[in-house]
Amino acid sequence: MKIKNICCIGAGYVGGPTMAVIAQKCPEINVTVVDINEKRIAAWNDKDVENIPIYEPGLSEVVAEARDRNLFFSTDVDAAIDKADLIFISVNTPTKTYGMGKGMAADLKFIELCARQIARVAKDDKIIVEKSTLPVRTAEALKNILENTGNGVNFQILSNPEFLAEGTAVKDLMKPDRVLIGGDINSEEGKEAVQALVDIYNHWVPKENILTTNVWSSELSKLTANAFLAQRVSSINAMSELCEKTGADVNEVAKAVGMDSRIGAKFLKSSVGFGGSCFQKDILNLVYIAKSFGLNEVADYWEQVIIMNDHQKKRFAANIVKTLFNTVSGKKISFLGWAFKKDTNDTRESAAIYVADYLLNEQADIVIYDPKVTKEQIYADLNYLGTRSEKENRSRVTVLNDPYKVCEDAHAIAVLTEWDEFEHLDWKKIYDNMLKPAFLFDGRRLLKKEEKKEIGFEFYAIGN
Ligand SMILES: NC(=O)c1ccc[n+]([C@@H]2O[C@H](COP(=O)([O-])OP(=O)(O)OC[C@H]3O[C@@H](n4cnc5c(N)ncnc54)[C@H](O)[C@@H]3O)[C@@H](O)[C@H]2O)c1
Ligand SMILES: O=c1ccn([C@@H]2O[C@H](COP(=O)(O)OP(=O)(O)O[C@H]3O[C@H](CO)[C@@H](O)[C@H](O)[C@H]3O)[C@@H](O)[C@H]2O)c(=O)[nH]1
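None of the values given here were measured: they were computed from a predicted structure.

A separate point is the overall build of the chain. From N to C terminus, the chain includes 19 helices and 14 strands. For 464 residues, the compact-globule estimate of 2.2 N^0.38 gives 23 Å, and the chain sits close to it at 24 Å. On the principal axes, the C-alpha backbone points of the chain span a range of 75 × 50 × 45 Å. Buried positions account for 53% of the 464 residues belonging to the chain. Long-range pairs, those at least 24 residues apart, make up 75% of the contacts in the chain between residues at least 6 apart in sequence.

What follows is the structure, given as structure tokens:
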């Protein structure tokens, strides 16, 4: 089966970049990315390609090449579904904030809405691809909706989870460690659908890197990969606290441990805590699934990864208060960084949000600089927590676009995101313009300790 028209529902951090790369690599396929968010679609279509809604290194170049050639962004969801042979569902699957499974389970309402819309619109056979991260066995529910509400056409459901990391999305998409495709490999139609998707990726991904499995293994592998990755961060962060008590240095420990080829060096960077839209949500979902099968020990095991992460964010903030003579009330604390990692404008679940919230509860005044995050996004993140009124957040938090101004007259600086540019700031100038003693807290192990101490900073770094 040759795919001519692809539709992707959801023009977010996954749908946008993934489809841009597919369109670039498969010029003979028309790719239409649709979304109900008109503002987002307008931004994807902005004449100035630098204004696309997602910041990812290399993305604007890919979009510039393919857009209006075979890559289109639209709000006409029905039309794109109707035309497509293959439909990616790439909508958000956040943690439920209400009802059964509140705070744990994945909220599948957007997925279900997509399924119902596809069923209503589709007049010929289609391949439906789960791109969103979903609980294991979601494909069963999708099939049920599609077959019971559709127009009698056939749907093949595939699972094709996305493993890209933000900040390196284009690189990850161009050269993925593996592409995972789950399908009904026991039927001819299922095998054909899997092959159709393999053929798309095979335009640029070598065959040996494309893994095919049954649907349930594919769905569960995505949750497992994120749980393993997050577990490594929580493991090294647990050791960082022990390092601080014992005189060991967590970077040295990580290096020594990571040189064991069975362990490996990646993902052992101690930090103020992992953030991002995926790790916490996916682990909570895994915990919920395990509990729903009565697997309480399995659930508890994975929940500890989140408990450790919450502890790490809190103890970083508490250490600032303790070091500043047990009070930050009325003191100016400068934040360098707000995004959950460098090279992205995404702030979802960023550790910075929770550190700020803790310090605001201690009556600190916070001034923030992040090279890619907007002022309004920062207020929205704080308001979303609902800890205090929007008015109070606005009066106590200032966002500026100059790092030197942000640090002027500060009692302390906290590095919350590992943006490269923070390393190269004129730290002597920053020191000179701060109140003394000048406290500097590095939540990312980004800065050189000896250098900063020589300038005169009272320097604290995670795990050191
Ligand atoms: N962000 C990542 O790095 C990443 C990586 C791998 C997997 N994932 C998974 O991919 C999925 C999408 O994540 P994201 O970060 O792109 O989310 P996102 O919130 O950035 O984008 C989702 C988009 O879907 C749109 N949408 C929701 N319902 C819709 C509907 N019925 N019709 C049309 N559009 C609709 C929303 O308006 C939104 O723009 C999630 O399941 C996530 O867990 C994310
Ligand atoms: O050694 C490390 C590695 C990461 N982090 C933090 O962990 C979070 C997540 O980082 P990363 O995994 O690089 O970014 P994400 O975009 O969240 O990507 C993860 O989540 C995606 C969504 O499911 C998956 O597709 C990716 O494979 C998976 O890496 C960030 O706050 C990082 O700062 C650390 O603190 N130490």
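Around ligand 1 sit 25 residues in total, of which D35, R40, T93, E166 and K281 are the nearest. In this structure, an oxygen atom belonging to ligand 1 sits 2.6 Å away from a side-chain N or O atom of T93. Of the residues that constitute the shell around ligand 1, the class distribution is nine nonpolar, nine polar and seven charged. If you count residues domain by domain, the shell around ligand 1 takes at least three from each of domain 1 (5-213) and domain 2 (219-464).

Okay, the site of ligand 2 next. Taken together, 21 residues are adjacent to ligand 2, and F163, L164, S271, C278 and R444 come closest. Between ligand 2 and K341, the relevant distance is 2.8 Å, taken from an oxygen atom to a side-chain nitrogen or oxygen of the residue. One nitrogen or oxygen atom from the side chain of R444 is found 2.7 Å from an oxygen atom belonging to ligand 2. For ligand 2, the protein covers 90% of the area, taking 690 Å² as the surface of the free molecule. For the shell around ligand 2, the secondary-structure elements that each account for two or more residues are α9 (215-246) and α11 (279-292). A per-element tally of the shell around ligand 2 places α9 first, with four residues. When grouped by side-chain class, the residues that make up the shell around ligand 2 number 11 nonpolar, three polar and seven charged. Residue contributions to the shell around ligand 2 reach at least three from each of two domains, namely domain 1 (5-213) and domain 2 (219-464).

What follows deals with the nonpolar core. Judged by nonpolar contacts, the single largest core of 55 residues is most densely connected at F335, W338 and L359. A per-element tally of this core places helix α13 (residues 351-361) first, with seven residues. The residues touching F335, leaving out its near neighbours within four places in the chain, are A352, V355, A356, L359, I366, V367, I368, Y369, V406, A414 and L416. Counting residues in each nonpolar core, the second largest holds 46 residues, with I6, V21, I52 and L71 among its members.

A complete count under the given rule lists two cavities of 30 Å³ or more for this structure. Taken as a whole, the largest cavity spans an internal volume of roughly 50 Å³. E130, S132, T133, L134, S159, N160, P161, S218, E219 and K222 are the residues that line the largest cavity. No other element matches α9, which puts three residues into the lining of the largest cavity. Among the residues forming the lining of the largest cavity, the class breakdown is two nonpolar, five polar and three charged.

Scanning the model with the defined rule gives 13 aromatic pairs in all. Aromatic pair F325 and F439: ring centres 5.8 Å apart, planes at 70°, arrangement edge-to-face. With a gap of 114 residues between them, F325 in the loop between α12 (296-323) and β9 (332-336) and F439 in strand β13 (residues 439-442) connect regions that are remote in the sequence. With centroids separated by 6.4 Å and ring planes inclined at 25°, the aromatic side chains of F439 and F441 adopt a geometry described as stacked. Each member of the pair F439 and F441 is classed as buried. Taken together, the ring pairs in this structure connect F325, F439, F441 and Y460 into an aromatic cluster. Positioned above the aromatic ring of F163 is the side chain of R178, whose terminal nitrogen or guanidinium carbon lies 3.6 Å from the ring centre. One residue, K436, lies across the ring of Y431, its end atom 4.6 Å from the ring centre.

Criteria and cut-off values
Residues numbered from 1 in each chain as written. Chains lettered and ligands numbered in written order. Predicted model: local features only at pLDDT ≥ 70, side-chain atom pairs only at ≥ 80, totals over all residues. Heavy atoms only, no water. Helix = DSSP H or I, 4+ residues; strand = E, 2+ residues; numbered from the N terminus. Rg over C-alpha atoms; globule rule 2.2 N^0.38 Å. Buried < 20%, exposed > 50% of the residue type's maximum accessible area, 1.4 Å probe, protein only. Contact = heavy atoms within 4.5 Å. Near = heavy atom within 4 Å. Polar contact = N/O pair within 3.5 Å; in protein donor to acceptor, adjacent residues only side chain to side chain. Nonpolar A, V, L, I, M, F, W, Y, C, P; charged D, E, K, R; others polar. Domains from an automatic or database assignment. Areas by Shrake-Rupley, 256 points an atom, 1.4 Å probe, with all protein chains shown as cover. Core = buried A, V, L, I, M, F, W, Y, C linked by side-chain atoms within 4.5 Å. 1 Å grid on protein atoms, 1.4 Å probe; cavity = no way out; pocket = protein on both sides within 12 Å on 5 of 7 lines; lining within 4 Å. Points joined across faces, edges and corners; volume = space filled by probe spheres on them. Phe/Tyr/Trp six-rings, centres within 6.5 Å; stacked < 30°, edge-to-face > 60°. Lys NZ or Arg CZ within 6 Å of the ring centre and 35° of its normal.

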